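Single-letter residue listing:
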Amino acid sequence: QVQLVESGGGLVQPGGSLRLSCAASGSIFSIYTMGWYRQAPGKQRELVAIITSVGSTNYADSVKGRFTISRDNAKNTVYLEMNNLQPEDTAVYYCNADIAQVFPRLTTNYWGQGTQVTVSS
């Protein structure tokens, strides 16, 4: 079994910063693209940022210049550094990854359980 576990959410004032982490565990052969998505109340889940296994990144226009995605392949972990947070960034943030297990050698898409980020004064 493979699991993604997020941490680092919380309450922050506008203009503040948070760092989210997501660690993959289990019988992992390889991790390919990893990413962060978010879902605000009453809205659809949307892409925030993704990073490939070789470090190429892509961001939603709404977070470019404020958020930075990175990964530590040795720790099977992806991070999201969020700066200058605004109330519109309030959402549940979900980690996502394409992971190949040791056996069977199939690549499956996994989701974490989500972590709440609230930006409010």
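None of these values were measured; they are calculated from a predicted model.

Draft legend 1. Fine view of the pairing of strand β1 (residues 2-7). Of the two faces of β1, only one is covered, namely that formed by Val2, Leu4 and Glu6; the face formed by Gln3, Val5 and Ser7 stays uncovered. By the bridge criterion, six bridges tie β1 to strand β3 (residues 18-26) in an arrangement that is antiparallel. Its bridge partner lying in β3, valine 5 is registered against alanine 23.

Draft legend 2. Quick peek at the pairing of strand β9 (residues 91-101). With respect to burial, β9 is a largely interior element, nine of its eleven residues being buried. Looking at chain direction, strand β4 (residues 28-39) and β9 are connected through nine bridges and run antiparallel. Across the sheet, the residue bridging to tryptophan 36 is cysteine 95, located in β9. Sheet topology places β9 next to strand β11 (residues 115-119); three bridges connect them, and they run antiparallel. Residue pairing for β11: tyrosine 93 is matched across the bridge by threonine 115.

Conventions adopted
- Residues numbered from 1 in each chain as written.
- Predicted model: local features only at pLDDT ≥ 70, side-chain atom pairs only at ≥ 80, totals over all residues.
- Heavy atoms only, no water.
- Buried < 20%, exposed > 50% of the residue type's maximum accessible area, 1.4 Å probe, protein only.
- Helix = DSSP H or I, 4+ residues; strand = E, 2+ residues; numbered from the N terminus.
- Pairing = 2+ DSSP bridges.

Fair warning: the whole summary comes from geometry, so function is off the table for now.
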